Every structure is written in C-alpha cells, then in structure tokens.
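Residue strings, one per chain:
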Amino acid sequence: MAKKESSFVNMVITLFVITLTASIALGFAYEFTKAPIAVAKHAAKMKAINEVLPEFNNLPNEEIYKKAIDNDTLYFYPAREDNKLVGTAIETFTNKGFSGNIKLMVGILPDGSINDIVVLEHKETPGLGDKMSKSKSDFSLQFQGINPENFDLSVKNDGGDVDAITASTISSRAYCDAVNRAYNAYLKGGKK
Amino acid sequence: MNQWKNFNKGFFRENAVFVLYLGLCPILGVTTSVINGVGMGLATTFVLLMSNIVVTLVKSFIPDKVRIPSFIVIIASFVTIVELLMQAYLPSLFNELGLFIPLIVVNCLVLGRAEAFASKNTFTSSVVDGLGMGLGFTMALFFLGGVREILGSGSFLGFKFIPGDGILLFILAPGAFITLGYLIMLMNKINKKTA
Amino acid sequence: MNKLLTVSPSPHIYGKDTTPNLMYGVIIALIPAILASILYFGWGSVIVISVAVISSVLFEFLIQRFLLQKKTTIQDGSAVITGLLLSLCLPSNFPVSLIILGSLFAIGVGKLSFGGLGNNPFNPALVGRVFLFISFPAKMTSWPEAKGFQTQFIDASTGATPLNIIKEGLGKGDSISHLMDKIPTYQQLFFGNMGGSIGEVAAVALILGLAYLLLRKIITWHIPVSIILTVVIFTGILWLVNPAQNADPLFHILSGGILLGAIFMATDYVTSPMTSKGMILYGICIGILTVVIRRFGSYPEGVQFAILIMNGFVPLINYYIKPKRFGEEVKNG
C-alpha cells in the first residue's frame, strides 16, 4: 500500500479524524465508567466513615457540610441513629508529612472524644511512616476513646501524650497535626 | 516471519526492561510489590496491544509527517481508557498505581513499538509483537516486584512469611535500581548462554 | 598482585608500599579506636567488631572463589578494614544477623560488584553502613549509652546521641544554651563518654590514629584537615550569626562521625582524588555537605552521606585536576 502524501490537506484531515475518533471513544468510555467510579469512591468513603463511627442509620454522605477554619476547609459527615447525633466523621489533612499530604478520617463522638481514626491517603515511607495505617501497626489505636481535652495531641518528644512510631517522629507529628486540625475545627463550630 | 520467535523475543533477546532499558521510570516507581508490578505490566500490555493493532490498521492512511502525533493520540486514548476502567473496577490497585498510569503515554516502549514495528509490519505480526513485548515487560515487572517484595517486606503476593519489617532499602527507590542492576546482570548471563 | 603492566610516564620510582603494607598500617591506626570502643561498650563492641570483620573476609572469599571464580584477594587486608570500619559505625547492641547482612552488602554490592579493590567507586564500609541505616532505621538509631566495660550481656539503656538531642530540641524550638545542659561536656565528648556508634565516640583515640597514619605517611594531611577545617569554619559562621539556633564548632567536631569519617573513610585510596589540590576540594565539599545535612536536613548526622556523595564526584575531580607531569613548567609562577 502506498503511503499517503504529507500534503497539508491530508495532514489536517488525518489528525482531525484521529482526534475525533479518539474523543468519541473516550466519551463513551467516560459515560460507561462514570457510575462504577462514583460507586467505588462512595464505597471507599463510606467504609472509612463506618469504621470511625458507631452504628448509625442515616446517610452521612448526603448531610455533608463544610467548614472553613484558619484558611483550611474541612468536610464533616454527621452520623445519626434515629435522628439523634451519634458522632461526626471529619475528613482532615496535614501537609507536614514526611512526603506529601496525609488525609485522615477522624470520628468524633458528641462528647468530644475521638472514637477512631483511619488513614485515607498518605505517601509516607513504607516500613516507617506507613505504620500509621491500622493494618501496619497499633500506633493509631492509642487515639481510640481519648478526649483531647485532657490528652495532649502531640508526640512525647514534644512534651505531648502520644507514643510516636519508632524512627518516624515526623510522620507521627504530622498525624497528630491532622487530628488536632479536625478537633479544633470540631470545637470551633464544626459541631452541629 | 516466524511468529513464535517474534513472540518470545519480548521475553529474552529484546526484553524491554532488561535488554532495551525502556520505560524504566514507571517500573522503578511501582514495583514495590508483585501485585503492583504485574498490574502495571498488564495495563501496559493492554495499551501496547491495542495501540499496535490500531497503528497497524491505520498506518497507510497516516501521512509520514504527522505519524508521531497520531500515534501519541492513539496511545493516550487507550491509556485514558485503562485509567477509567481501573478506577471503576480495581479502585484499590488504582490507588497504588494511580500516579503512574498516565505515564504509560510517555513510556518509550509503547511509542517505540508503534513506530518501529506496528507501522511497518502486518496485522498478525503486530498483534504478536504487542503481546510478546507486553508480556515480557510484565515478566520483568513480576521479577522486580517479587524480589523487592520478598526482601523489602518479607512477603510474597501480600502473604507475609517473615514477621516484622524487611530490608527497607529494597522498598525505596535506591533498592529498585540495585535490584534492576542485578537482574540485568542475570539476564545478560542467560542471553549469553542461549545466543 | 596486579600482573598487568601499568603504563605511566617516566621516571618510575619504586616504592616499598604494597597494598597489604598500607592496609595493615590502617588497621594498626584503628587499634586505639577499637580499644576505646571496648572500654566504653564492653562485650557488645567485641561482638560487633569480630562479627563484621569475620563475615566481611568470609564473604569476600566466598564470592571471589565460587561466584566469580577468580583468585581471592583476602590476604591484602582490605576486607578486614571494610569490616572494621563498618563495625565502628554501628551501635554496640546491633543484631548479629544484621551485621552479617551489612557486611554482605558492603563486600558484595559495594565492592565486588564493581570488580573488587581498586574499581569500587564508593567506600564499601560506608555503602554497608548507609544500607543498614536506611533499611533498619529503628535499630540503627537506638544508641546504647557508654557504660564502661561490662562482662555480662545486658541490654544497655538506650539514649539519643548528642546530635540527636540537638536536632530534636531545635525542632521543638528549644535554644542551644538550654540544650547544652543535656548533652555531655567537652571532656566527655573528647574521651568518648556518650551515646553513639562504637567507633566514633572517642575523639582522642581517633586523633591518635590520625597521628600514626600521618607519621607513617600512609595518608597525607589534605583530606582530614580540609574536612575538619571546613566544618569548623562553616559551623563557626552559623554559630556567630545565631548562637541560639546553632551549636558551636567544637561540639560539631567532637560529636558524631566527623572524625572517624574524615580520618579513616574519606581517605580511602580507591575512592578519593589523586592530587593534593583535588583532595582539598574533595575535603571542603564533604565538610560543607556534612554541615548542610546536619543543620538543614532531616537526619541528625550527615558525614557518611557527604562522603558517599563526594565519592561519586572523584572521577570528575581527577579528570579536571590532573597530576602535573614531571618536568612541566609551572605557568605564571
């Protein structure tokens, strides 16, 4: 087969056809995967909310509200059991991680104590900082059931009450920073 | 052309990673475990196969001067499709690989095969070439991921057989380079014997 | 040793310095540091040193004999030095299995992968040490405190090194004058009464070793002196500018691995520049990098990274700063 000549018209037509076909194909792919992607994202978030809060029977995802505190915007997911508030899940973050941002989901009970925390996203060093994940070590368990009112949310090296992950003081500090952010936001009007 | 030879060249004689040294950036980044490595490898294989097929079908309609932009658009479309599919059906793998999937577009292996092979060969040869190169790439990522996971985390396919932490270095980037170096050394030895 | 003819411009001078001769000289120079480490850390130090030396020599032998099937070169003493230097920068309670792993990495990856003694671009002992440091940071940073010679195997109480105390303290916003109360006095630093790797704590022992190396002309003064002077000047400037945030130069020299690194590791023949001008440039860069890592990096100690980084630049230094040919006129005086 003879190659097509590289004339201006030929090139324009070819590129036009190719990009048009590609965009149509991508449009279809996007439509096709839109629903499953939303479901997957929702499932991941709900799983985190479920983990950090006690039993509830509303849809916290639909009652989401946000609150801007000190230039940071945090998202709140209130959970209710028969219309009574049983806890609030707060999506919080810190940029003090050893490498990149860390995102946490913190569950706070109406009395202000922390129910549980899970890590949504992090890029900490495997084997060191990633021990903040529940599956990797017991680090996050020490936060369960404490009330930051009488528990200093900073690592022991800094005079606080938190046992840092061995050799990962920076990651531990960042974790505390994120939890603190959630708690402060909760106190400063995030509570509803 | 002998199709069997055409297929297996991707594994040994022209292995993308160990012999041609193509596409090293994503493979060094993702091979912290076998699952990640193989996931990346299969995603690349899919893109490679599809782009080889499309390129070989349309090769005679594309004027020479715009062939590279055309190939890139074709490849990028397939990469985006892979990204969307993975996000929808394999969200946990996507979380691990997410950053590296768009990088398949600039993986020299994919463009290299489109330019050097699919645009010059028949449909069958291009399919075989795409499959062979892609699976050879996957094999390389499997070994790299396997060694790094065993040494670095003391586990294989997520199954932990050594309690505690492994040798952290192998999970980090320098470990990827060191492992790759030794695997290349092994590959050279194998290729020397069979040649 | 090397049967190949070496081609170099005449005149040729025959020296009686053979590789084993020089290597054993280095070992003798390390004896004070070894004795000091045993004095401070007891059996732990004996175990760490002997395991590292034996496994280094053994791995060199095994790999050369069976994997590479070449003549073995263990009798030249370089493997012994690698093992010794590696052990001297480990904590005294370091697990035996990991010491063996570190020796394997130092010899196998750091040295023999590149073709053995003379071809390795990086100091093998430091390769092993950094490998262990990055792979097992938790175990590499729990330093037993110097307790004097103890005959029983005990878990020594662990504490931070002086550099760690400073780093952590500054991170919390403490000032230096306040932190200085918590760290050992200069006498303690000088004689080695503090937490740290077994070989780096006793400054006086390392300085004795330096004197021996210089007297026997095994090394020249250029590298150690330029490293130490650079550190003194650089930390001195920082200290004068802001004494509340920076420790003084004497503290920087006496704590951590600067002396061990400057005297025994940076001076390794294979991985340091050939000319005295090159050596001084190399030393200055190591000094600057060390202080930059200590003061601005996230690690408390940076000398080993600094030396490895500069090892990588040695071929470049050798390329641009060449030895003067015999008889060459010195231009412009």
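Residues numbered from 1 in each chain as written. Chains lettered and ligands numbered in written order. Predicted model: local features only at pLDDT ≥ 70, side-chain atom pairs only at ≥ 80, totals over all residues. Heavy atoms only, no water.

(A) Local environment of the domain arrangement of chain C. Residue and element names in this part refer to chain C. Domains assigned within chain C are domain 1 (19-140) and domain 2 (160-194 + 219-320). Taken together, the 22 residues of domain 1 in the interface contact 18 residues of domain 2. Here domain 1 packs against domain 2, burying approximately 1700 Å² in sum over the two surfaces, 75% of which is carbon and sulfur. By the criterion of area lost to domain 2, the three top residues of domain 1 are Tyr40, Asn123 and Leu126, representing 29% of everything that side buries. Remark: the boundary between domain 1 and domain 2 carries zero salt bridges. One can count two residue pairs in polar contact (both at pLDDT 80 or more) joining domain 1 with domain 2. Elements with a minimum of two residues in the side of domain 1 that touches domain 2: helix H1 (19-41), helix H3 (78-88) and helix H5 (124-135). Within the side of domain 1 that touches domain 2, the residues separate by chemical class into 17 nonpolar, four polar and one charged. (Domains from an automatic or database assignment. Contact = heavy atoms within 4.5 Å. Buried area = accessible area lost by both parts, 1.4 Å probe. Salt bridge = Lys/Arg side-chain N within 4 Å of Asp/Glu carboxyl O. Polar contact = N/O pair within 3.5 Å; in protein donor to acceptor, adjacent residues only side chain to side chain. Helix = DSSP H or I, 4+ residues; strand = E, 2+ residues; numbered from the N terminus. Nonpolar A, V, L, I, M, F, W, Y, C, P; charged D, E, K, R; others polar.)

(B) Structural context of helix H8 (residues 173-194) of chain B. Here H8(B) contains 22 residues, and its C-alpha end-to-end distance of 32 Å stays within 8% of the 32 Å for a straight helix at 1.5 Å per residue. Where H8(B) is buried, its residues touch helix H2 (24-30) and helix H7 (123-153) of chain B. (Expected span 1.5 Å × (residues − 1).)

(C) Structural context of helix H6 (residues 108-118) of chain B. Residue and element names in this part refer to chain B. By the burial criterion, the buried members of H6 are Leu109, Val110, Arg113, Ala114, Phe117 and Ala118. Seen from one end, H6 has its buried residues packed into an arc of 135 degrees, which puts them on one side. Tucked inside the fold, the buried residues of H6 contact helix H1 (3-8), helix H3 (34-58), helix H4 (67-89) and H7. (Buried < 20%, exposed > 50% of the residue type's maximum accessible area, 1.4 Å probe, protein only. Arc of directions from axis to C-beta.)

(D) Broad picture of the nonpolar core. By size, the foremost hydrophobic cluster in this structure holds 81 residues, and its most contacted members are C:Phe264 and C:Tyr282. In terms of residue count, the dominant contributor to this core is H1(C) (eleven residues). The two domains that each donate at least three residues to this core are domain 1 (19-140) and domain 2 (160-194 + 219-320) of chain C. Setting aside residues up to four positions removed in sequence, C:Phe264 forms contacts with C:Val26, C:Ala29, C:Leu30, C:Leu85, C:Leu206, C:Gly209, C:Leu213 and C:Leu259. By size, the runner-up hydrophobic cluster in this structure holds 50 residues, among which are B:Ala43, B:Leu48, B:Ala114 and B:Ala140. (Core = buried A, V, L, I, M, F, W, Y, C linked by side-chain atoms within 4.5 Å.)

(E) Main features of the pairing of strand S5 (residues 114-121) of chain A. Residues and elements named next belong to chain A. The sheet contact formed by strand S4 (residues 102-108) and S5 spans six bridges and is antiparallel. Bridging across to S5, Met105 finds its partner in Val118. Hairpin connection from S4 to S5: five residues lie between these consecutive antiparallel strands, with Gly112 at a positive phi of about 95 degrees. (Pairing = 2+ DSSP bridges.)

(F) Examining the packing of helix H2 (residues 43-67) of chain C against helix H4 (residues 96-111) of chain C more closely. Residue and element names in this part refer to chain C. H4 packs onto H2 with a crossing angle of 40 degrees between their chain directions and a minimal axis gap of 8 Å. On the basis of the axis angle, H2 is oblique to H4. Of the two elements, H2 crosses H4, and the hand of that crossing is right-handed. For the pair formed by H2 and H4, the contact residues are Ile47, Val48, Val51, Ala52, Ser55, Ser56, Phe59, Glu60 and Ile63 on the first element and Val96, Ile99, Ile100, Ser103, Leu104, Ile107, Gly108 and Lys111 on the second. The residue makeup of the contact of H2 with H4, split by class, is eleven nonpolar, four polar and two charged. (Axes fitted to C-alpha atoms, helices over the stretch in contact; angles between N-to-C directions. Parallel < 35°, antiparallel > 145°, perpendicular 65-115°, else oblique. Left-handed = near helix turned anticlockwise from the far one by under 90°.)

(G) Fine view of the interface of chain A and chain B. With 27 residues of chain A at the interface, the matching set in chain B holds 25 residues. When the two sides are added together, the surface that chain A and chain B hide from each other amounts to roughly 2200 Å², 75% of it contributed by carbon and sulfur. Linking chain A with chain B are zero salt bridges. Our enumeration of links across chain A and chain B arrives at zero residue pairs in polar contact (both at pLDDT 80 or more). Considering only residue class, the side of chain A that touches chain B consists of 15 nonpolar, seven polar and five charged.

(H) Broad picture of a nonpolar patch on the surface. Judged by side-chain polarity, A:Phe8, A:Val9, A:Val12, A:Ile13, A:Phe16, A:Val17, A:Leu20, A:Ile24 and A:Phe28 come together as a nonpolar surface patch covering roughly 930 Å² of accessible area. Turning to its location among the elements, A:Val9 is positioned in helix H1 (residues 8-52). (Patch = residues over 30% accessible without salt bridge, like charges linked within 9 Å, V, L, I, M, F, W, Y side chains within 5 Å. Areas by Shrake-Rupley, 256 points an atom, 1.4 Å probe, with all protein chains shown as cover.)

(I) Broad picture of the packing of aromatic side chains. Enumeration according to the criterion identifies nine aromatic pairs over all chains in this entry. Between A:Phe139 and A:Tyr175, the aromatic rings sit 5.0 Å apart at their centres with planes inclined by 75 degrees, giving edge-to-face as the arrangement. Taken together, the positions of A:Phe139 in the loop between S5 and helix H2 (169-190) and A:Tyr175 in helix H2 put the pair 36 residues apart, joining distant regions of the chain. Among the residues examined, A:Phe139 registers a relative accessible area of 6% and is labelled buried. Judged by relative accessible area, A:Tyr175 falls into the buried class, the value being 0%. Each ring, one from C:Phe105 and one from C:Phe131, has its centre 3.8 Å from the other, and the planes form 5 degrees; the classification is stacked. Pair noted here: C:Phe105 is in helix H4 and C:Phe131 is in helix H5, with a separation of 26 residues, a long-range link. Of the two residues, C:Phe105 and C:Phe131, neither departs from the other in class, the shared state being buried. Site record: aromatic cluster; members linked through ring pairs are A:Phe139, A:Phe143 and A:Tyr175. A cation over an aromatic ring shows up here: A:Arg181 above the ring of A:Phe93, its NZ or CZ 4.9 Å from the ring centre. (Phe/Tyr/Trp six-rings, centres within 6.5 Å; stacked < 30°, edge-to-face > 60°. Lys NZ or Arg CZ within 6 Å of the ring centre and 35° of its normal.)

(J) Region of the structure containing unusual backbone geometry. A positive phi angle is found at B:Tyr21, which is not glycine, with a value near 55 degrees. With respect to the helices, strands and loops of the structure, B:Tyr21 is situated in the loop between H1 and H2. Within the chain, C:Lys217 stands out as a residue other than glycine whose phi angle is a positive 60 degrees. Assessed through its relative accessible area of 68%, C:Lys217 is described here as exposed.

(K) Highlighting the pattern of salt bridges. Residue and element names in this part refer to chain A. The tally for this structure, following the rule as stated, stands at eight salt bridges over all chains. Among the salt bridges present, the one from Asp177 reaches Lys96, with a minimum N-O distance of 3.5 Å. Here Asp177, found in helix H2, pairs with Lys96, found in the loop between strand S3 (84-94) and S4; they are 81 residues apart in sequence, far enough to count as distant.

(L) Here's a closer look at the pairing of strand S2 (residues 72-81) of chain A. Residue and element names in this part refer to chain A. Sheet analysis places S2 next to S3, joined by seven bridges and oriented antiparallel. Across the sheet, residue Glu81 finds its bridge partner in S3, namely Lys84. Linking S2 to S3, which pair antiparallel, is a turn of two residues; within it Asp82 sits at a positive phi near 50 degrees.

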